[in-house]
Amino acid sequence: MKKTMMMALALAGTLTAGSASAADYVTGGLAQSYMTYTTVGQVSSSRTSAYSGVGSLFVSTVSTATTGLGGLCTGSLIGSGTVLTAAHCLETNPNDPITSIAFYLPSFGDRSAASKIFTASAFAVNPDYEASGGLIGGHDVALFTITGDTSAYDKYGIFTGNPLQQYTEVGTGTIGGPQGTNVGVANDYRKRVGSNIYEYYGNQVFSDVGAGVVMYDFDDGTAAHDVFGRIGGNSQLGVANEAAASPGDSGGPAFIDGKIATVTSFGITGAVFTGYCGGNSIDPYNKSGSTAVTRDLSQCTNSSIGELGGNTLLSYNLDFINGYLNGTVATMAPVPEPATWLMMLLGFGIIGFGMRSTKRRMDAKFEMKIKRLTAGLPA
């Protein structure tokens, strides 16, 4: 652990950020997963046919377009041709630009004759995303435009009230039980729904997380794994159908009063406050779902109980969202196919140049599973 995490209770009843830093330990790309604080049996009961305007997006780049690999996230219709998701899902890399964005309704796992696939013609990432600190900065929001008839699907408004309350999350990513992602269940990448409570703003918990982030903890009904309760904040042991996010849920919506309040951004182990996961830690499981004491915190975050999640407030990003809808935000279009792109690079003479690279937040095993699913093979 690189530094000791200290949290204190302020007189106003909120946590003081102090020296606590999230950047070294946060796991990006955590997208939807339905995980209950009771049993993995509730994973099947969390499937939903509601929220027809929420689906999966599959993102291909120059390096993956010919391989069948790609990134899987979740998105929501906020207009007849506009889909909302997370900026880190569409984060651009000059050396490996996006070639296509496909939007699956109802989800990637429900591909059938009755499903619908829309293609993006343009997209934009909030220009404040990188400068504010990436996915923890409060501007992890992106939008893209699709073509085709969406009249049969729900469209959602934006919630701008007080977000520190119970919400309903929807996602199409990986799944798991209390021990974390992929533990005890098989992924199907279908739409699921769950609930949790936003208890704090990000800057009340960590010194480097923005005020445009709201945070929840993943409870199992015990004080031992109640992150905020154990570090001196709210003691709240969970709600019915408690859920947390996991890979594939990024960009997924959280609803309050029927409107979207946030998009899924990141997760972080509660072990940042104890120095280890497993054993009697706040986070009782390591990345593999074992209770073995693990002091390498990079091996702890797996969307299990005893972890935290941070989601980005749409109310904090209204200028960008309204600008996109009004046509005043600059957009990008997916680049030509890989062979054409290579010719363009050679023509511009920039191959071999030291262009800035951003890390792709996709696990290799997860990408291979998506490749196999796309090819109609078992994951």
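Since we're looking at a predicted model, the values are computed, not measured.

(A) Focus on the overall build of the protein. The number of helices and strands found in the protein is five helices and 20 strands. Sorting the 379 residues of the protein into buried and exposed places 55% on the buried side. Here the analysis covers contacts within the protein between residues at least 6 apart in sequence; of these, 73% occur between residues at least 24 apart. For the protein, the accessible area works out to roughly 14700 Å², and carbon and sulfur atoms hold 54% of it.

(B) Structural context of helix 3 (residues 318-326). Three or more residues of helix 3 are buried, namely F320, I321, G323 and Y324. Axial view of helix 3: buried residues confined to an arc of 165 degrees, hence all on one face. Opposite the buried face of helix 3, by more than 90 degrees, sit the exposed residues D319 and N326. Where the residues of helix 3 are buried, they touch strand 6 (71-79), strand 7 (82-85), strand 9 (116-125) and strand 10 (142-146). Trailing helix 3 by a residue or two, G327 shows a phi angle of about 80 degrees, which is positive.

(C) Representation of the packing of aromatic side chains. The full count for this structure, using the stated rule, is twelve aromatic pairs. Ring centres of Y167 and Y198 lie 3.9 Å apart, and the angle between their planes is 15 degrees; on these two criteria the pair is classed as stacked. One end of the pair, Y167, is in strand 11 (residues 166-171); the other, Y198, is in the loop between strand 14 (192-197) and strand 15 (200-201), with 31 residues separating them in the sequence. Take Y167: its relative accessible area is 1%, and that puts it in the buried class.

(D) Highlighting the pattern of salt bridges. The final tally for this structure, using the stated rule, is one salt bridge. With a closest N to O distance of 3.2 Å, D110 and R190 form a salt bridge. Of this pair, D110 sits in the loop between strand 8 (98-105) and strand 9 while R190 is found in the loop between strand 13 (180-181) and strand 14, placing the two residues 80 residues apart along the sequence.

Cut-off values and rules
Residues numbered from 1 in each chain as written. Predicted model: local features only at pLDDT ≥ 70, side-chain atom pairs only at ≥ 80, totals over all residues. Heavy atoms only, no water. Helix = DSSP H or I, 4+ residues; strand = E, 2+ residues; numbered from the N terminus. Buried < 20%, exposed > 50% of the residue type's maximum accessible area, 1.4 Å probe, protein only. Contact = heavy atoms within 4.5 Å. Areas by Shrake-Rupley, 256 points an atom, 1.4 Å probe, with all protein chains shown as cover. Arc of directions from axis to C-beta. Phe/Tyr/Trp six-rings, centres within 6.5 Å; stacked < 30°, edge-to-face > 60°. Salt bridge = Lys/Arg side-chain N within 4 Å of Asp/Glu carboxyl O.

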